[in-house]
Amino acid sequence: MASRSNPPEGTGVSRRGLLVGAGAVAVTALGVGTASAQAAEAADFGPVAVRPGDLRYDNLLRGNNFRFANSPDEIRVVTSTEQVVRAVGEAVRAGKRIAVRSGGHCFENLTADPAVRVLLDLSAMNEVGYDPTRRAFFVQPGATLGQVYRRLLIGWGVTIPGGGCPEVGAGGHFAGGGYGPLSRRYGSVVDHLYAVEVVVVDRDGTARAVIATREPDDPNRDLWWAHTGGGGGNFGVVTRFWLRSPAATGTDPAKLLPPSPQRMRQHAIIWPSATMTQPQLTGLLRNFGRWHERFSAPGCPQTGLYGVLQAGHKASGSALLAVQADADLPGVDAMMTEFITAVTAGLGLPAPMVDLRRSLPWLHRMTWPGSGEPGDVLARRYKIKAGYLRRSFTESQLAAVWTHLNNDTGSPHAGMLLIGYGGQSNAVAPGATAIAQRDVIMKAVYQTIWRDDTEDKANLKWVREFYQAVYTETGGVPVPGEVNDGSYINYADADLADPRWNTSGVSAQTLYYKDNYPRLRRIKAKWDPREVFRHSLSIEAG
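Treat the numbers as computed from the prediction; the structure is a model and nothing was measured.

Topic: the overall build of the protein
In step 1: From N to C terminus, the protein includes 14 helices and 16 strands.
In step 2: For the protein, the residues scored as buried account for 63% of the 542 residues in total.
In step 3: Summing over all exposed atoms, the protein offers an accessible surface of approximately 18400 Å²; the carbon and sulfur share of this is 52%.

Details of the packing of aromatic side chains
Where two aromatic rings form a pair, the distance of their centres and the angle of their planes describe that pair.
In step 1: Counted according to the given criterion, the structure contains 22 aromatic pairs.
In step 2: Taking the centre distance of 5.0 Å and the plane angle of 75 degrees together, the rings of Phe-174 and Phe-241 count as edge-to-face. Linking Phe-174 in helix H5 (residues 170-175) with Phe-241 in strand S9 (residues 237-243), this pair joins segments that are 67 residues apart in sequence.
In step 3: Seen in terms of ring centroids, Tyr-446 and Tyr-471 are 6.0 Å apart; in terms of plane orientation they differ by 75 degrees. Their pairing is edge-to-face. On the criterion of sequence distance, the pair formed by Tyr-446 in strand S16 (residues 442-450) and Tyr-471 in the loop between helix H12 (456-470) and helix H13 (508-513) is long-range, its members being 25 residues apart. No difference in accessibility class separates Tyr-446 from Tyr-471, as the two residues are buried.

Some words on the packing of helix H8 (residues 278-294) against helix H11 (residues 395-405)
In step 1: Packing of H8 against H11 brings their axes to within 10 Å, and their N-to-C directions diverge by 125 degrees. By the angle class used here, H8 and H11 are oblique. The element H8 and its partner H11 pack so that their crossing is right-handed. On H11, the residues that touch Gln-278, Leu-281, Thr-282, Leu-285 and Arg-286 of H8 are Glu-395, Leu-398, Ala-399, Val-401, Trp-402 and Leu-405.
In step 2: The residue inventory of the contact of H8 with H11, partitioned by class, reads seven nonpolar, two polar and two charged.

A short note on the pattern of salt bridges
In step 1: Tallied over the full model, the rule gives 31 salt bridges.
In step 2: Glu-90 is paired through a salt bridge with Arg-76; the nearest N and O atoms lie 2.7 Å apart. Here Glu-90, found in helix H3 (residues 81-93), pairs with Arg-76, found in strand S2 (residues 74-77); they are 14 residues apart in sequence, far enough to count as distant.
In step 3: With a shortest N-O distance of 3.8 Å, Arg-134 and Asp-131 are connected by a salt bridge. For the pair shown, Arg-134 and Asp-131 are each scored as buried.

Considering the sheet that holds strand S7 (residues 193-201)
Strand-to-strand pairing in sheets goes through backbone hydrogen bonds, with the strands running parallel or antiparallel.
In step 1: As summarised here, the arrangement of the five strands in space is S5-S6-S9-S7-S8, forming an open sheet in which the pairing is antiparallel. The open sheet has two edge strands, strand S5 (128-131) and strand S8 (207-213), and neither has a second partner. Each strand of the sheet is rotated relative to its neighbour by a mean of 25 degrees, with strand direction disregarded.
In step 2: Direction of pairing for S7 relative to S8: antiparallel, over a ladder of seven bridges. Residue Val-199 lies in a different strand from S8, and its bridge partner there is Ala-209.
In step 3: Lying over the sheet, helix H4 (residues 145-156) contacts S5 and strand S6 (136-139), oriented at roughly 45 degrees with respect to S5.

Here's the deal with the environment of Gly-299
In step 1: Note that Gly-299 resides in the loop between H8 and strand S11 (306-312).
In step 2: Residue Gly-299 is classed as exposed on the basis of its relative accessible area of 65%.
In step 3: Once the C-alpha coordinates of Gly-299 and Ala-427 are considered, the two residues, 128 residues apart in sequence, prove to be 8.8 Å apart.

A short note on the packing of H8 against helix H9 (residues 332-344)
Helices that pack against each other are described as a pair by the angle of their axes relative to one another and the distance between those axes.
In step 1: For the pair H8 and H9, the least separation of the axes is 7 Å and the interaxial angle reads 135 degrees. Judged by the angle between their axes, H8 and H9 are oblique. Side by side, H8 and H9 meet where Gly-283, Leu-284, Asn-287, Phe-288, Trp-291 and His-292 of the first sit next to Phe-339, Ala-342, Val-343 and Thr-344 of the second.
In step 2: A breakdown of the residues in the contact of H8 with H9 according to their chemical character gives six nonpolar, four polar and no charged.

Digging into the side chain of Asn-220
In step 1: On the secondary structure map, Asn-220 appears in the loop between S8 and helix H7 (221-226).
In step 2: Not counting residues within four places of it along the chain, the set of residues in contact with Asn-220 comprises Val-210, Ile-211, Ala-212 and Trp-527.

Conventions and cut-offs
- Residues numbered from 1 in each chain as written.
- Predicted model: local features only at pLDDT ≥ 70, side-chain atom pairs only at ≥ 80, totals over all residues.
- Heavy atoms only, no water.
- Helix = DSSP H or I, 4+ residues; strand = E, 2+ residues; numbered from the N terminus.
- Buried < 20%, exposed > 50% of the residue type's maximum accessible area, 1.4 Å probe, protein only.
- Areas by Shrake-Rupley, 256 points an atom, 1.4 Å probe, with all protein chains shown as cover.
- Phe/Tyr/Trp six-rings, centres within 6.5 Å; stacked < 30°, edge-to-face > 60°.
- Axes fitted to C-alpha atoms, helices over the stretch in contact; angles between N-to-C directions.
- Parallel < 35°, antiparallel > 145°, perpendicular 65-115°, else oblique.
- Left-handed = near helix turned anticlockwise from the far one by under 90°.
- Contact = heavy atoms within 4.5 Å.
- Nonpolar A, V, L, I, M, F, W, Y, C, P; charged D, E, K, R; others polar.
- Salt bridge = Lys/Arg side-chain N within 4 Å of Asp/Glu carboxyl O.
- Pairing = 2+ DSSP bridges.

Quick look at the structure:
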């Protein structure tokens, strides 16, 4: 599900607008996820074939990023595994390029490539529930994170450490690894992934559904492993995920995933950036990184804190420091105060415009639109770039950040984020899942958002040159080393595969997957030998 990219997370920080803001439970115990069982539950709907001229076509065509729209021959809306098998098989027999969309975010044109003739829309496959046969919670790929959190909390009082924007979908978010405000405490989403159901295409063109689990003796285990961070749109169509924490035992669903917090404690400080000097802004970035260098080891109490530092372009007028945690975490207020003191120490910062600490119910924090959705419906053109950090930026990188945040070509909706990571996410070996970056402490996100296609050229130029300057010593991209550690596939960036912007000699796939890439290639060759599922950043068979 290449379309479900995971957006940058923060305490009410909008990916698109750089803003500050503050169901019914599916309890059906489905069988074991067979195609026939799923077809029965969705017998009253689908498949729906939407073609040009249909009044629904334009409504379904364009994804979250308005920069991209193609014109496929057909948009197929499906509601069951059986329908997916049939749709994929028909496309293969007709020789038509297929792309898979769960219905949420997509930072690049991975599903809107002009070569795609059949767009498979999974947004109607959005059930969440508990499967007692597997002692695991099932999530269909079209469910949004907001739906997942709500149903897990109301039904069983549990959650997953996923992203903070409620309209992101499970499909690509899970397949690409998934992280969010609880990841420093509980790890990545895929650290809790027990099984997947995937529609694959054999060498003879036959489409079929396969279930793969993390059980050591499962002959399909490599297909499960590929979906623990290998990214969507690479191996097949995921039609169901099952989640259960690795150490969980027993049959009580309330003990099989991390408990949902009752409330989230959060503190946000906003400063006017117009009066902020270079030592002040770069000092914030440096101190934020150094705090994470000290407090990102698995198990240390401070991994309960999730911090975000947003440095907007000077045209934005503000800089934001935010931190949040489970309000019932022991010593939470003292740790938050120590965090803020450490990040702001010795900088002589201007008086803040906002300095607020408060608590919100967990579900309100994770599902309310104020956390980043939907934003200005007109400002839907954007470019996101990213990189992992194993330590704080170097002094030359900090100088590049200052220069580009204070030039005359950035927009009010341009800037960067530093996002706290590490903690329990680093307790897993690099080869245990497809996520190879298991000793990093932060994610850096570079972004620009705009309204009109006439602004495309200027905005793309600004963010590309910004990114290239930060990584100028390694060919314009975050080549793994002492400080940088590649990038995150859910922040898909086609520039990494473009020699105009990546002069490092290191492939985009290596930047995303590092030493796990050869294994992913072997799995690709086994499960998608015809390379039916491909896009500009896809894993190559080998």
